[in-house]
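The chain contents come next:
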Amino acid sequence: MNEPASRLPRAFRLSVTGGGTGGHTYPALTAVRALQARLAADGRALDVLWIGTPDGLEARVAPAEGIPFKTVATGKIRRAANPLKMVSPANVKDMARVPLGIAQARKIISEFRPDVVLATGGYVAVPAGLATRMCRRPLVLHEQTVRLGLANRKLAGSAARIAVSSKSTLPLLPESVRSSAVVTGNPVRPEVLTGHADKAVATLGVTGFDRRLPTLYVTGGAQGAQQINDVIRDALPWLLERANVVHQCGPANVEALRGHTAALPAELAGRYYLTPFVGPELPDVLALADIVVSRSGAGTLAELTALGKPAVFVPLASSAGNEQAHNARHLEETGAAVALLGNVTAERLQDALGPLLTDPARRAAMAERAREHGRPDAADRLVDVLLSAASG
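Let me begin by describing the structure that accompanies this report. These numbers were taken from a predicted model, which means no experiment stands behind them. (Residues numbered from 1 in each chain as written. Predicted model: local features only at pLDDT ≥ 70, side-chain atom pairs only at ≥ 80, totals over all residues. Heavy atoms only, no water.)

## Quick notes on the overall build of the chain
Step number 1: Helix and strand content of the chain: 16 helices and 13 strands.
Step number 2: Expressed as a percentage of the 392 residues in the chain, the buried residues total 53%.
Step number 3: For the chain, the proportion of contacts with a sequence separation of at least 24, taken over those separated by at least 6, is 68%.
Step number 4: As presented, the chain carries roughly 17,900 Å² of accessible surface, and 53% of it is formed by carbon and sulfur atoms. (Helix = DSSP H or I, 4+ residues; strand = E, 2+ residues; numbered from the N terminus. Buried < 20%, exposed > 50% of the residue type's maximum accessible area, 1.4 Å probe, protein only. Contact = heavy atoms within 4.5 Å. Areas by Shrake-Rupley, 256 points an atom, 1.4 Å probe, with all protein chains shown as cover.)

Here's what the structure looks like:
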């Protein structure tokens, strides 16, 4: 006999805000999945409402996951080294949209009545976070990078808890909010941690790989990175004498790179696998990789440190607040990675990779340092914070 509806535990209500990029969107989604699993184990349901922008990544990700999604107006701040240049017509116009966004978010939150609101950064988090305070609902911020992003800096004083990804963030917080901070790490999709190297070999069909050599995974993100592609192209013969290479280059760059590698000797060409995109096979590719060359976004760092992968980072110079350079330097300072800043050439890449490719002990030491930064249980830690904030 079914239990009367009135005696069933009330569904836990979570509002999520944040997005624009994968760095803000995917940690939130991973936390939602982890919270759903935790509640289900206790016989409870989760009601989620995502507040985002119509043109951010979250507008595609949330509905695809079956999460109800509502949009609010927001304004993007275009940063400049000269503060006077920030008072631009575009910035003034966008900032004028923020009060409308706050009003819209306030209506959404007052009607949904969440037990807690999770804000993971991005411009949309500001109006939704301020509306959360107006509606007297507990707000939990999550920061993916070492330094608080612009949105989280604006909201820090309104937050019940501030979840940070690194203990190095704690001394950088304003003293007035430091007591509300807790180190959780940056949530990593659990499937990333369950790859198998042999499965990658079979899936990719890399029969020419020499498994006695280390395997290098090169990635510039979904669209590829021209800077990384060019440096790898110039260093490729040198690399293939010392390693197998899986190169995720982005769809726009495949043909040019294929043309460049057509003249490689057959033995070296067999050790090179070029692909525009790595999808569901990513966990297996990461398991196969002994070293990774990539950008240094927060999500990438979280995955590589959770897996304990030695890495050479080529930070995106135009990242907001130069956060990728800070991320890369943070790991380099403890021997957990190499950061290549400024003008990156094939020679500099070879200097960085050479000792790692030829010395397994050096790779193992860097892997261990990386693992010390990793927090594979970050999603569960963030769920603890959300449940604690919701209970007051």
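That covers the picture; the talk isn't over yet.
## Digging into the sheet that holds strand 10 (residues 272-275)
Step number 1: One open sheet accounts for six strands, arranged 10-9-8-11-12-13; its pairing is parallel. The outermost strands of the open sheet, each flanked by one partner alone, are strand 10 and strand 13 (338-339).
Step number 2: The pairing of strand 11 (residues 291-294) with strand 12 (residues 311-313) spans three bridges and is parallel. Each bridged residue has a counterpart across the sheet, and for V292 the counterpart in strand 12 is A311. (Pairing = 2+ DSSP bridges.)

## With respect to unusual backbone geometry
Negative phi values dominate among residues other than glycine, just as trans dominates among peptide bonds.
Step number 1: Backbone geometry places R113, a non-glycine residue, at a positive phi of 50°.
Step number 2: In the Ramachandran plot, R136 falls in the positive-phi region, its phi being about 55° despite a non-glycine side chain.
Step number 3: By the element assignment, R136 lies in the loop between helix 5 (125-134) and strand 5 (139-143).
Step number 4: Judged by its relative accessible area of 74%, R136 falls in the exposed class.

## Re helix 7 (residues 197-204)
Residue pairs spaced three or four apart in an α-helix point in one direction, given the helix's 3.6 residues per turn.
Step number 1: For helix 7, the full list of buried residues reads A197, A200, V201 and L204. Buried residues of helix 7, seen end-on, are gathered within an arc of 100° and therefore sit on one face of the element. Along helix 7, exposed side chains directed more than 90 degrees from the buried face belong to D198, A202 and T203.
Step number 2: Lining the buried residues of helix 7 we find strand 9 (244-248), strand 10 and helix 11 (282-288). (Arc of directions from axis to C-beta.)

## Digging into the pattern of salt bridges
Between side chains of opposite charge, pairing is possible as soon as their charged atoms come close.
Step number 1: Counted according to the given criterion, the structure contains 18 salt bridges.
Step number 2: One salt bridge in this structure joins E65 and R33, with 2.9 Å as the shortest N-O distance. Taken together, the residues E65 in the loop between helix 2 (58-64) and strand 3 (69-71) and R33 in helix 1 (residues 22-41) connect sequence positions 32 residues apart.
Step number 3: The exposure class of E65 is partly exposed, given its relative accessible area of 38%. (Salt bridge = Lys/Arg side-chain N within 4 Å of Asp/Glu carboxyl O.)

## Quick look at the sheet that holds strand 7 (residues 181-183)
Step number 1: The sheet built from seven strands is open, its strands ordered 3-2-1-4-5-6-7 with parallel pairing. If you trace the sheet from one side to the other, it starts and ends with strand 3 and strand 7, each paired once. When the angles between neighbouring strand axes are averaged without regard to direction, this sheet yields 25°.
Step number 2: Note that strand 2 (residues 46-52) and strand 3 share three bridges and pair parallel. Residue pairing across strands places I51 opposite K70, the latter belonging to strand 3. (Axes fitted to C-alpha atoms, helices over the stretch in contact; angles between N-to-C directions.)

## What about the nonpolar core?
Step number 1: Ranked by size, the top nonpolar core spans 34 residues in total, and within it L216, L239, V293, V312, L349 and L353 carry the most contacts.
Step number 2: Where this core is concerned, the elements lending two or more residues are strand 8 (215-219), helix 8 (226-240), helix 9 (254-261), strand 10, strand 11 and helix 14 (346-358).
Step number 3: At eight residues, the largest contribution of residues to this core is made by helix 8.
Step number 4: Aside from chain neighbours lying at most four places away, what touches L353 is L216, W238, L239, I291, V293 and V312. (Core = buried A, V, L, I, M, F, W, Y, C linked by side-chain atoms within 4.5 Å.)

## With respect to the side chain of R363
Step number 1: Note that R363 resides in helix 15 (residues 360-373).
Step number 2: One buried charge, R363, has no salt-bridge partner; the nearest side chain with opposite charge is D290, at 4.8 Å.
Step number 3: At 3.2 Å, the side chain of R363 and the backbone oxygen of L357 are in polar contact.
Step number 4: Discounting chain neighbours no more than four positions away, the residues touching R363 are P214, D290, I291, P310, L356, L357 and T358. (Lys, Arg positive; Asp, Glu negative; His and termini not counted. Polar contact = N/O pair within 3.5 Å; in protein donor to acceptor, adjacent residues only side chain to side chain.)

## A look at the environment of F277
Step number 1: By the secondary structure assignment, F277 is in the loop between strand 10 and helix 11.
Step number 2: Note on F277: relative accessible area 46%, which makes it partly exposed.
Step number 3: Linking F277 and C249, residues 28 residues apart in sequence, is a C-alpha distance of 7.1 Å.
Step number 4: Look past the residues within four positions of F277 in its chain and what remains in contact with it is A222 and Q248.

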